There are 2 protein chains.
Amino acid sequence: MSINKQKLVNQIKKKQSCLCVGLDSDMSKLPAQFLHDPNPQYAFNRYIVEQTANYTIAYKPNLAFYESRGAKGFEELKMTVDFIRSNYPDIFLIADAKRGDIGNTSKQYAKTFFEYFDFDAVTLSPYMGKDVVKPFLEYTDKWVILLALTSNASAGEVQYFENNQGEKFFQHILNTGQKWGSPDNTMFVVGATKAEYLKTIRQIAPDSFFLVPGIGAQGGDLEAVIKNGQNKDGGLLINSSRGIIFSKNPHRSAKDLQEQMAKLIKI
Amino acid sequence: MSINKQKLVNQIKKKQSCLCVGLDSDMSKLPAQFLHDPNPQYAFNRYIVEQTANYTIAYKPNLAFYESRGAKGFEELKMTVDFIRSNYPDIFLIADAKRGDIGNTSKQYAKTFFEYFDFDAVTLSPYMGKDVVKPFLEYTDKWVILLALTSNASAGEVQYFENNQGEKFFQHILNTGQKWGSPDNTMFVVGATKAEYLKTIRQIAPDSFFLVPGIGAQGGDLEAVIKNGQNKDGGLLINSSRGIIFSKNPHRSAKDLQEQMAKLIKI
């Protein structure tokens, strides 16, 4: 199954939320009570999902935290995805994998995330051009999410590289990436610590959804992000990871964020 | 254990080869006799390694072909790496993963490839800047291999983006990426279908090793690549995947390539 744009927009309206919870379930940070479970990451994720699903429209596990446990981590990620699909079928599922390969290889990655796992979307690095996204977009109602402007300290040395028309590299990716797919199957990662850029970016890609990391631990401003970034569909998935999953009260943390969002969301 | 630059150069001299064999062990292409094995990808890889190791200085499994089988593929990749390490301890092992994330997440990927698996090197996408490579370079005698110029059809629309000094984006990555690490821990991917660029690229990065895909299936010219690309250390790992592993006689195919290489290698 999968969540197309209409279903996603309906969720935003209904829950008055654009919250995406990052399931960055770092084993070294799991609360002690989960460590004795035979499937510690799955047990923890299940707890987080049960605590936060009412306020959340998307979950985004980052593959790194599962792969570092090898085959076992892969299994528990699959259990997590299956659990959410069965119990919360309206919630959008993002594999934060930042893959980016070509041809036959890219096809295998698409198979991994859309068939072995049943994710709705995968984050991809656009470094190798359109060849990266092609095999993913052959799946109906599935999505790619292209890195455009990221929120980390060293992003600028690559993403601000500028051509002689004053176009920065991340703007070039926004312009080019829109031609590879459509707003129905292609989103962009736009870091929240760059809230001042969000107005310009919204002009470049008026109809696209943006996945916005950097709220919480990385210090982005929620109000500025929603005001500058929302469009007629809502158009935003705003991610918080550690700020929710490792907070004292994940239910409370997610509810607080959703309540702040509800005041700003216009659809 | 790990293979530092001196050991790698010694291998090139001794074997008169810069051949890297890509273990892109696509399940749909495995010869029938391996499909009945309980560990088909491992059994196939073991056969390929035994047939080609005398002519080869590096093996490069692409993660996509293993991940698409989920936990099982991960296990067989680990078995493959362990087999090569135990039986051919001088051979350089590259995880062709094209990862690229930051901070805590990047650290987890480094843990995956350098601890869970014992690879010598990982291919990375530099889209997010220096933050991507930092955790990997904290490991002594391990390597990162940054995408610079790739050999696929759509590479240009991203990698040829040019600033007002006429510097192309891939050149910017070569210039910037060298500052993140050193020629002792940082290589670059430079596609062989762009052999005409190799002279310029060698001037930009005189001391770095280049991983060159695109020989064979993608049609790069071996002679031009070695003539334009080699340096005082050899400085090249030239990859062939399908052209060897799915050929009628992998032993013959690897030996042929090595013999052509031996005529051109100057160290």
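Above: the structure in question.
The residue numbering used here restarts from 1 in each chain and proceeds along that chain's sequence as written. For this description, chains carry letters from A and ligands carry numbers from 1, given in the order in which they are written. The predicted origin of the model limits local features to residues at a pLDDT of at least 70 and limits the giving and counting of side-chain atom pairs to 80 or more, whereas totals for whole chains, interfaces and linings rest on all residues.

Trainee: Describe the overall build of chain A, and please don't skip the residues or the numbers.
Mentor: Scanning chain A from N- to C-terminus turns up 13 helices and 8 strands. By its C-alpha atoms, chain A is 60 × 45 × 35 Å across when sized along the principal axes. Here chain A, with 267 residues, has 56% of them falling under the buried criterion. The long-range fraction of contacts in chain A, counting pairs at least 24 apart against all pairs at least 6 apart in sequence, stands at 72%. Numbering of helices and strands starts at the N terminus; helices are DSSP runs of H or I of at least 4 residues and strands are runs of E of at least 2. Burial in this document is a count-based property: other C-beta atoms within 10 Å of a residue's C-beta are tallied, and the residue is buried at 20 or more, exposed at 12 or fewer, or partly exposed in between, with C-beta positions derived from the backbone. C-beta atoms are placed from the backbone for every residue, and two residues are taken to be in contact when these atoms lie within 7 Å.

Trainee: Which residues make up the pairing of strand β8 (residues 236-240) of chain A, and what are the values?
Mentor: Residues and elements named next belong to chain A. The buried fraction of β8 amounts to 5 of the 5 residues, a majority that puts the element mostly inside the structure. Burial of β8 is two-sided: the residues Leu236, Ile238 and Ser240 facing one way and the residues Leu237 and Asn239 facing the other way are all buried. A pair of strands is treated as paired once DSSP finds two or more bridges between them. Examined bridge by bridge, strand β1 (residues 19-21) and β8 share 3 bridges and lie parallel to one another. Among the inter-strand pairings, valine 21 is bridged to a residue of β8, identified as serine 240. Pairing of strand β7 (residues 210-212) with β8, which is carried by 3 bridges, proceeds in the parallel orientation. In the strand pairing of β8, valine 212 is matched with isoleucine 238.

Trainee: Provide a residue-level description of the packing of helix α5 (residues 71-87) of chain A against helix α5 (residues 71-87) of chain B, including the pertinent values.
Mentor: Note on geometry: axes are lines fitted to C-alpha atoms, helical ones only across the stretch in contact, with angles between N-to-C directions running from 0 to 180 degrees. Two elements in contact, α5 of chain A and α5 of chain B, have axes whose closest approach is 8 Å; the angle formed by their N-to-C orientations is 170°. Relative to α5 of chain B, α5 of chain A is oriented roughly antiparallel. Two secondary-structure elements touch here, α5 of chain A through Ala71, Phe74 and Glu75 of chain A and α5 of chain B through Ala71, Phe74 and Glu75 of chain B. Split by residue class, the contact of α5 of chain A with α5 of chain B holds 4 nonpolar, no polar and 2 charged. For classification purposes, angles smaller than 35 degrees are called roughly parallel, those larger than 145 roughly antiparallel, those between 65 and 115 roughly perpendicular, and all remaining angles oblique. The nonpolar class holds Ala, Val, Leu, Ile, Met, Phe, Trp, Tyr, Cys and Pro. Asp, Glu, Lys and Arg form the charged class, and all remaining residues, Gly among them, are polar.

Trainee: Requested: an account of unusual backbone geometry, with residues and values cited.
Mentor: Peptide bonds are, in most cases, trans, and in most cases residues other than glycine have a negative phi. One non-glycine residue, glutamine 16 of chain A, lies in the positive phi region at around 45°. In this structure, glutamine 16 of chain A sits in the loop between α1 (5-15) and β1. In the Ramachandran plot, lysine 98 of chain B falls in the positive-phi region, its phi being about 45° despite a non-glycine side chain. Among the residues examined, lysine 98 of chain B registers 28 C-beta atoms within 10 Å and is labelled buried.

Trainee: Can you tell me about the relation of the copies chain B and chain A, naming the residues and giving the values?
Mentor: Of the transformation placing chain B onto chain A, the axial shift is 0.0 Å and the rotation is 180°, giving an RMSD of 0.0 Å. Taken together, the rotation and translation describe the operation of a two-fold axis. Comparing interface residues between copies, 100% of those in chain B also lie at the interface in chain A; the contact surface is shared. To line up the copies, we fit them by least squares on C-alpha atoms, keeping just the residues with pLDDT of at least 70 in both.

Trainee: Please set out the packing of helix α11 (residues 222-229) of chain A against helix α13 (residues 250-264) of chain A residue by residue, giving values where relevant.
Mentor: Residues and elements named next belong to chain A. It is at 10 Å that the axes of α11 and α13 come closest, and there the two elements cross at 35°. Remark: the crossing between α11 and α13 carries right-handed chirality. Residues Leu222, Glu223, Ile226 and Lys227 of α11 lie in contact with α13, whose contacting residues are Gln260, Met261 and Leu264. Taken together, the residues of the contact of α11 with α13 break down into 4 nonpolar, 1 polar and 2 charged. Less than a right angle of anticlockwise turn of the near helix away from the far helix marks a crossing as left-handed, whereas a clockwise turn marks it as right-handed.

Trainee: How would you summarise the nonpolar core if you had to cite specific residues and measurements?
Mentor: A set of buried Ala, Val, Leu, Ile, Met, Phe, Trp, Tyr and Cys residues, joined through C-beta atoms within 7 Å, is what we mean by a nonpolar core. If you look at the biggest cluster of nonpolar residues, it comprises 170 residues, and the most contacted ones within it are Ile145 of chain A together with Ile145 of chain B. Excluding its chain neighbours within four sequence positions, the residues that come into contact with isoleucine 145 of chain A are Ile94, Ala121, Val122, Thr123, Leu124, Met187, Phe188, Val189 and Leu211 of chain A.

Trainee: Residue-level account of the environment of glycine 129 of chain B, with values.
Mentor: By secondary structure assignment, the location of glycine 129 of chain B is in the loop between β4 (121-124) and α7 (134-137). Assessed through the 23 C-beta atoms surrounding it within 10 Å, glycine 129 of chain B is described here as buried. On a C-alpha basis, the gap between glycine 129 of chain B and aspartate 184 of chain B in space is 19 Å, while along the polypeptide they are 55 residues apart. Excluding residues that lie within four positions of it along the chain, glycine 129 of chain B makes contacts with Asn152, Ser154, Ala155, Glu157 and Val158 of chain A.

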